[in-house]
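# Fold and geometry: a report
Letter by letter, the chains look like this.
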Amino acid sequence: MAATDRIRTVLDRLEPPPRAVDWSLFAFVLAETATGLVSFTVGVPEGWPLFWLHRALGVGIVALLAWKLARVRRRLTDPNLWRRSTALSALTLVAAVGALATGTAWVFGLDVRLSYWTLLSVHVGFGLALVPLVAAHASTRFRLPRRVDFERRRTAVTYFALLAAGGATYRLQQGVNDALDTAGADRRFTGSQPREGTGNAAFPITSWVADDPDPIDRDDYRLTVDGLVNDPVELTADELAAGHQTEALLDCTSGWYTVQEWGGIRVGDLLDAAGGVEPEASDGDAPDREAAYVRFTSVTGYRWSLPLAEAEDALLATHVGGERLSHGHGAPARLVAPNRRGFQWVKWVTRVEVRSEYDLGQWVVTLVSGFD
Ligand SMILES: Nc1nc2c(c(=O)[nH]1)N[C@H]1C(S)=C(S)[C@@H](COP(=O)(O)O)O[C@H]1N2
Ligand SMILES: [Mo]
């Protein structure tokens, strides 16, 4: 028996009931969206299972989609069966295939770039478009899931097999990358591809949505350090170029990473320059505001906070690879936050503020800053 026939037999045997396939597709797409979005916030290697789950679910979707298409094919190919909702179905299919194809191509190291848009950004675009499309598509043919569709033991086996096959496929794929030495072989656990070299020119300038300020005049520039510190100060660009060096890896969610030697001032030293963090009240009355976070705000309003201890070890960088930071990379000063994803490395920092509260608003501000 040919290999493809064998795969087909296994697939036929595992095929869940139609309604289970439909609802599973819905659930898998939601799970892909969740794992995909959450993965954007993960920069430490211990987070790898999340990325694997995302890939395994993707392979699962391929199988589910194959079953589904085998069943409904004629509704798409036979004009007599076309309904109003057929266009929506076709669009949903396009988005699904687009997301799967770009995700797969990315894993193999295909590196097509449109300015700073990588194939991974296109993958994210298809994925985000898919959510409302799948929801609308499901509502045109809404049928509640029934217990019987999911009750058979074989269905449970199917899902286990789908995820296992997903993981195995991905493992196999890594072997192919290594053997053929594709660009995909150098990817980090986050999926990001390397950008080699040192200094400003070695890596792309990436702004998260619309942040694009005018260059900051170095002589006029002042960094404000305030909030829960003893003596708020303003520092010049020269005062920030304190010569503290640290090697750190910048990993952008659009799919690239670079390792650079960054120079500047340790944030702990910066806070010392502002008289240190306000001490807890030692007398009877408990402090109502206890220093817990440090917030870094850009001239554009873009901002991110780090927990105090982590922030103290972070760097406010004025230099990269021995060169003064270029405007695009955040001159006069940008945050270097090791183990955090690139979008948290605030550029053009003009204010460093010690705060007591977590800043929920930063999640929105990073998306909308720069829009007038
Ligand atoms: N103020 C501001 N800082 C920002 C951004 C932004 O849009 N505005 N983009 C972030 C993103 S998404 C990344 S990956 C890094 C990229 O840094 P680079 O442009 O120096 O490569 O900066 C981060 N800092
Ligand atoms: Mo990024």
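Here, the structure is the one placed above.
Thresholds applied
- Residues numbered from 1 in each chain as written.
- Chains lettered and ligands numbered in written order.
- Predicted model: local features only at pLDDT ≥ 70, side-chain atom pairs only at ≥ 80, totals over all residues.
- Heavy atoms only, no water.
- Near = heavy atom within 4 Å.
- Polar contact = N/O pair within 3.5 Å; in protein donor to acceptor, adjacent residues only side chain to side chain.
- Areas by Shrake-Rupley, 256 points an atom, 1.4 Å probe, with all protein chains shown as cover.
- 1 Å grid on protein atoms, 1.4 Å probe; cavity = no way out; pocket = protein on both sides within 12 Å on 5 of 7 lines; lining within 4 Å.
- Sits in = over half its atoms within 2 Å of the grid points.
- Core = buried A, V, L, I, M, F, W, Y, C linked by side-chain atoms within 4.5 Å.
- Buried < 20%, exposed > 50% of the residue type's maximum accessible area, 1.4 Å probe, protein only.
- Helix = DSSP H or I, 4+ residues; strand = E, 2+ residues; numbered from the N terminus.
- Contact = heavy atoms within 4.5 Å.
- Salt bridge = Lys/Arg side-chain N within 4 Å of Asp/Glu carboxyl O.

## Focus: the site of ligand 1
As a matter of local geometry, ligand 1 sits amid 22 residues, with Pro-204, Trp-208, Asp-211, His-329 and Lys-347 nearest to it. One nitrogen or oxygen atom from the side chain of Asp-211 is found 2.8 Å from a nitrogen atom belonging to ligand 1. The separation between an oxygen atom of ligand 1 and a polar side-chain atom of Lys-347 is 2.5 Å. Contact with the protein chains removes 100% of the 530 Å² of surface that ligand 1 exposes when unbound. In a pocket analysis with a 2 Å cut-off to the grid points, ligand 1 is assigned to the largest cavity.

## Points about the nonpolar core
In this structure, Leu-223, Leu-240, Trp-262, Leu-270, Leu-271, Phe-296 and Leu-316 are the most contacted members of the largest nonpolar core, which totals 45 residues. Per element, the largest residue contribution to this core is four residues, and it comes from strand β10 (residues 315–320). Look past the residues within four positions of Leu-271 in its chain and what remains in contact with it is Val-225, Val-229, Gly-276, Val-277, Val-294, Leu-308, Glu-312, Val-352 and Val-354. Leu-25, Leu-64, Ala-95 and Leu-133 belong to the second largest nonpolar core, which has 20 residues in total.

## Section: the pattern of salt bridges
When charged atoms on two side chains of opposite charge get close, those side chains can pair. Going through the model one piece at a time under the given rule, you end up with 14 salt bridges. One salt bridge in this structure joins Arg-351 and Asp-226, with 3.1 Å as the shortest N-O distance. Residue Arg-351 is found in strand β13 (residues 349–355), and its partner Asp-226 is found in strand β4 (residues 223–227); the two are separated by 125 residues along the sequence. On the basis of relative accessible area, Arg-351 is assigned to the partly exposed category, the value being 32%. Its relative accessible area of 16% is what places Asp-226 among the buried residues. The partner of Arg-340 in a salt bridge is Glu-310, with the nearest N and O atoms 2.6 Å apart. Within this pair, whereas Arg-340 is found in the loop between β12 (334–336) and β13, its partner Glu-310 is found in helix α10 (residues 308–313), the two being separated by 30 residues in sequence. Take Arg-340: its relative accessible area is 21%, and that puts it in the partly exposed class. Classification of Glu-310 by relative accessible area gives partly exposed; the value is 28%. Members of the salt-bridge network, linked through shared partners, are Asp-226, Arg-295, Arg-303, Arg-351, Glu-353 and Asp-359.

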